[in-house]
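# Observations on the three-dimensional arrangement
Next come the chains, spelled out residue by residue.
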Amino acid sequence: MVGQGSTRLPRRFGRNTLSNYAMTIVSLLVAVVTTPVLTHHLGLRGYGVWVITLSVISYLEVLELGLGNTTVVFVARHASTGDHVALQRTVNTSFAALTGFGVVALIVAVALSFVLPGAIHVALNLRDQAQWLLILLGLDMAVSIPMDTFGGGLIALQRYDLMNASLIVVSVCHAVSWVLILTNGGGLIALGITTVAISIVGQFSRFVLFRRLLPNVKLSPRMVDWGLLRTFVPLSAWNTVGSFLGDFLDYVNVLILSVVRNAATAGIFSVGERLSLLGGTLAGPMTAGYFPHVAELSGQNDVIGLREATLLGSRLVMGTTIPLCLVIGFLAQSTLHVWVGPAFEGVVPSVRILAVAGALASVATMMRTALVGAASPKVPALAMAVATVVDVTLTVILGIQHGMFGVALASLIAGVVYVGILVPIACRKLTIGTFTLFRVLARSHLLPLVVAGAVGWSLSQPLLSYVSSHGRFAGICMLVATGSAILITYLVIFVFTGLSRKERRDGVARLRRIRAPEA
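Residues numbered from 1 in each chain as written. Predicted model: local features only at pLDDT ≥ 70, side-chain atom pairs only at ≥ 80, totals over all residues. Heavy atoms only, no water.

Right, let's get into unusual backbone geometry. Backbone geometry follows two general trends: most residues other than glycine have a negative phi, and most peptide bonds adopt the trans configuration. Not every positive phi belongs to a glycine, and Asn-301 is a case in point at roughly 55 degrees. Structurally, Asn-301 is set in the loop between helix H10 (290-299) and helix H11 (303-339). Despite not being glycine, Thr-431 has its phi angle at roughly 55 degrees, a positive value. Residue position: Thr-431 is located in the loop between helix H13 (378-429) and helix H14 (434-469). Among the residues examined, Thr-431 registers a relative accessible area of 42% and is labelled partly exposed. (Helix = DSSP H or I, 4+ residues; strand = E, 2+ residues; numbered from the N terminus. Buried < 20%, exposed > 50% of the residue type's maximum accessible area, 1.4 Å probe, protein only.)

Turning next to a nonpolar patch on the surface. There is a patch of nonpolar side chains on the surface, built from Ile-488, Val-492, Val-495 and Phe-496 and spanning about 370 Å² of accessible area. Checked against the element boundaries, Val-495 lands in helix H15 (residues 472-498). Among the residues examined, Val-495 registers a relative accessible area of 30% and is labelled partly exposed. (Patch = residues over 30% accessible without salt bridge, like charges linked within 9 Å, V, L, I, M, F, W, Y side chains within 5 Å. Areas by Shrake-Rupley, 256 points an atom, 1.4 Å probe, with all protein chains shown as cover. Salt bridge = Lys/Arg side-chain N within 4 Å of Asp/Glu carboxyl O.)

The next thing to look at is H14. If you check H14, its first and last C-alpha atoms are 49 Å apart, about what 36 residues at 1.5 Å a residue would give, namely 52 Å. Bending of H14 peaks at approximately 40 degrees at the position of His-445, with proline Pro-448 no more than four residues after it. (Expected span 1.5 Å × (residues − 1). Bend = angle between axes of the 7 residues up to and from the residue.)

Right, let's get into the packing of aromatic side chains. The geometry of an aromatic ring pair comes down to the distance between the two centres and the angle between the two planes. For the structure shown, the criterion picks out 4 aromatic pairs. Taken together, a centroid distance of 5.2 Å and an interplanar angle of 45 degrees make the contact between Phe-74 and Phe-232 tilted. Here Phe-232 lies in helix H7 (residues 229-260) and Phe-74 lies in helix H2 (residues 67-81), a separation of 158 residues in the sequence. Given a relative accessible area of 10%, Phe-74 falls into the buried group. A relative accessible area of 2% means that Phe-232 is categorised as buried. Plain terms: the ring middles of Phe-150 and Phe-210 are 5.7 Å apart, the flat faces sit at 55 degrees to each other, and that makes the pair tilted. Of this pair, Phe-150 sits in helix H4 (residues 124-156) while Phe-210 is found in helix H6 (residues 188-213), placing the two residues 60 residues apart along the sequence. When its relative accessible area of 0% is taken as the criterion, Phe-210 is described as buried. Within the aromatic cluster, the residues linked to one another by ring pairs are Phe-95, Phe-150, Phe-207 and Phe-210. Positioned over the ring face of Phe-74 is Arg-77, at 5.8 Å from the centre of the ring. (Phe/Tyr/Trp six-rings, centres within 6.5 Å; stacked < 30°, edge-to-face > 60°. Lys NZ or Arg CZ within 6 Å of the ring centre and 35° of its normal.)

Within the secondary structure, Ser-171 is located in helix H5 (residues 160-183). When neighbours within four sequence positions are excluded, Ser-171 is seen to be in contact with Met-23, Val-26 and Val-30. (Contact = heavy atoms within 4.5 Å.)

Once that is clear, we can look at the environment of Asp-250. Tracing the backbone through its elements, the reader meets Asp-250 in helix H7. Given a relative accessible area of 48%, Asp-250 falls into the partly exposed group. Counting along the chain gives 27 residues from Asp-250 to Leu-277, while the straight-line C-alpha distance between them is 9.6 Å.

Listed below in structure tokens is the structure:
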């Protein structure tokens, strides 16, 4: 069946995308504001305990075994087709299964509380606090894992605006409470108690929001259907593999470089890598809304709608990622000079290679989203597995021979392998001709890329001369102005040559409706 009148853009696309960016900005601001307060009042040792504990506990999220994404897929499908019985069973089965995983997470956290403080050489006067902090945060994880059913439900219903509103409130409340506690003499235990309390309230707020949208969906042991897990498990397993490998690649290059070279080189490379990833990071808020959208289209067997949504989504993702990668590539040296000083300028060639890799990866971003949303996560996971093997192997070989540049080159080659495997298979599954895909993308982005690239090339050297001879504030202002010129050039040309007249009209109409009440 092919759906009638299907749209290539997700519902509430403008509102959801803006709320995703708002959440990203708030998270960055919270980190910027709270980090100096935490380090000053906790001291370096106390702050180290806080950061390591949060990092370790966050890894326990993997114990949900990909069931969260699988729940989003099936809730979106059943909600779009109006199958309320299947929807009830999906929600209840997911909640029941995730409750068990949450209990396991708490048990692991308690076990870690006896082992981790000694393993990471926590000072004796902080060990009791570290233990209790692990247990408190483990309790938070035990609640948040099953309650993710309802956060995922909001995503499945394409209500990122509600999801992000609750997350923003929680983030701001965390920041305010941390500052108040620390400035009034509180320590790690008080931080842990407050953090967990606010997080749990946030989780229940998402449960309330979900119930308001679907008041007929109720929690009941009688609606748990353990037989559904036979359908969930294959998808969840492949989602877990893909997510784990993606997270692994985020830090493995720095780790390997520290072994084959030294910690100082790895530290310098990590700064450049963080800069190079900015383009892909800022594309995330735009692609997020497509995940439940393609799940709906797949559930309705809307082949044409799924194909058109993937094509338009790919163009938009590249329209966000490529101009940012251009800015990073051309202005890397000036950016590093202003941000962390000239001592880090040796990583500039690596940043440029990684920026190219990021732009290349944007070709596959929407393809992966479409396949996972259409309940076909196996292909992206296998493509990621092959790319991981290539990346790790070449990182060792090229890292020994060429240092940071070799590691960046390994990432680029692994990216080519990933795109080369994923895109043709995804095109076949989504009934998109591979040549058609690249022709559409080239027609949308080639001219903006050439013109904006020329602007970036012509401005990069004058900018470097300016930031090298002026103060940091003046350098930052000029850096922002130059980067904005490249971005605006790219986006203006893309809007007028990469989008059709109808798409431009639809985009303007959606922007005007962002503040309009929902029907």
